[in-house]
Amino acid sequence: MRLDLPYLYYYFIFAFGLLFLILAFIPKLEIKKLFWFGLLWGSGLDFLVENIYHFVHLTMYQHMAPFNIGVLPLWTILAWTPAVMLFIYFLPQQRERYIYWIYVIMWSTFISFVAMILRQLDILVFINGGPWIWFIGSIIFLSLMTKHYRSLEANNRPSS
């Protein structure tokens, strides 16, 4: 197994950048509240979806040794936990649906930009498709995740 040190630095920068954002913006009590939701919907779902993308030949990761889990880099899987936590923490509470959809489209655009950056760093290879796969997938993913989170919040509210 070959250690790709320059690529390892990119993973560290990405993961620690997200960790910094969590610590800078989310209060400690909210971190505790959002961690398991972020782990399930972020890292858990990313692990599943990225494996599907790999096995249907949409994407492939390279230069990820020694921190890989099968065909996926550990750092990108773990980075989804804080990303989901940030998404949920800043989720708009306004009743206007267009604000919510602007928020989801902005996040989906950011996610596709991350895919482009990973491609330019020669970490992610798009076999069939491109960053639009991540854009469309993230709109679906973020919408389902928001629906689940809001249903959990509605069930946790004390009835008056």
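Here, the structure is the one placed above.
Remember, it's a predicted structure, so these values are computed and weren't measured experimentally. (Residues numbered from 1 in each chain as written. Predicted model: local features only at pLDDT ≥ 70, side-chain atom pairs only at ≥ 80, totals over all residues. Heavy atoms only, no water.)

With that out of the way, let us pick up the environment of Phe-110. In this structure, Phe-110 sits in helix α4 (residues 97–120). In sequence terms Phe-110 and Ser-138 are 28 residues apart; their C-alpha atoms lie 9.8 Å from each other. (Helix = DSSP H or I, 4+ residues; strand = E, 2+ residues; numbered from the N terminus.)

With that out of the way, let us pick up the side chain of Ser-108. Within the secondary structure, Ser-108 is located in helix α4. Relative accessible area serves as the criterion here: at 0%, Ser-108 is assigned to the buried category. At 3.0 Å, the side chain of Ser-108 forms a polar contact with the side chain of Ser-138. Ignoring anything within four residues of it in the chain, the contact list for Ser-108 reads Phe-135, Ser-138, Ile-139 and Leu-142. (Buried < 20%, exposed > 50% of the residue type's maximum accessible area, 1.4 Å probe, protein only. Polar contact = N/O pair within 3.5 Å; in protein donor to acceptor, adjacent residues only side chain to side chain. Contact = heavy atoms within 4.5 Å.)

This next bit is on a nonpolar patch on the surface. A cluster of nonpolar residues, Phe-20, Leu-21, Phe-25 and Phe-90, forms a patch on the protein surface that exposes about 410 Å² of accessible area. Counting through the fold element by element, Leu-21 comes out in helix α1 (residues 5–25). (Patch = residues over 30% accessible without salt bridge, like charges linked within 9 Å, V, L, I, M, F, W, Y side chains within 5 Å. Areas by Shrake-Rupley, 256 points an atom, 1.4 Å probe, with all protein chains shown as cover. Salt bridge = Lys/Arg side-chain N within 4 Å of Asp/Glu carboxyl O.)

As a rule of thumb, nonpolar side chains are buried together in soluble globular proteins. Grouped together as the largest cluster of nonpolar side chains are 41 residues, with contacts concentrated most on Tyr-61, Val-84, Phe-87, Ile-88, Trp-134, Leu-142 and Met-145. Contributing elements (two or more residues each) for this core: α1, α2 (28–55), α3 (74–89), α4, β4 (124–126) and α5 (131–156). (Core = buried A, V, L, I, M, F, W, Y, C linked by side-chain atoms within 4.5 Å.)

What follows is about unusual backbone geometry. Phi at His-57 is positive, roughly 60°, even though this residue is not glycine. With respect to the helices and strands, the residue His-57 is situated in the loop between α2 and β1 (59–61). In this model, Asp-122 sits at a positive phi of 65°, which is unusual for a non-glycine residue. Looking at where Asp-122 falls in the secondary structure, it is placed in the loop between α4 and β4.

For the rest of this paragraph, the subject is the packing of aromatic side chains. Counting across every chain of the model gives 12 aromatic pairs. Taken together, a centroid distance of 5.2 Å and an interplanar angle of 65° make the contact between Phe-37 and Tyr-149 edge-to-face. Note that Phe-37 is positioned in helix α2 and Tyr-149 in helix α5, a separation of 112 residues in sequence. For Phe-37, a relative accessible area of 10% puts it in the buried group. Where Trp-107 meets Phe-110, the ring centres are 6.2 Å apart and the plane angle is 80°; that geometry is what we call edge-to-face. Of this pair, Trp-107 and Phe-110 are both found in helix α4, three residues apart, which corresponds to roughly one turn of the helix. These aromatic residues form a ring-pair network of at least three members: Phe-37, Trp-41, Trp-80, Phe-141 and Tyr-149. (Phe/Tyr/Trp six-rings, centres within 6.5 Å; stacked < 30°, edge-to-face > 60°.)

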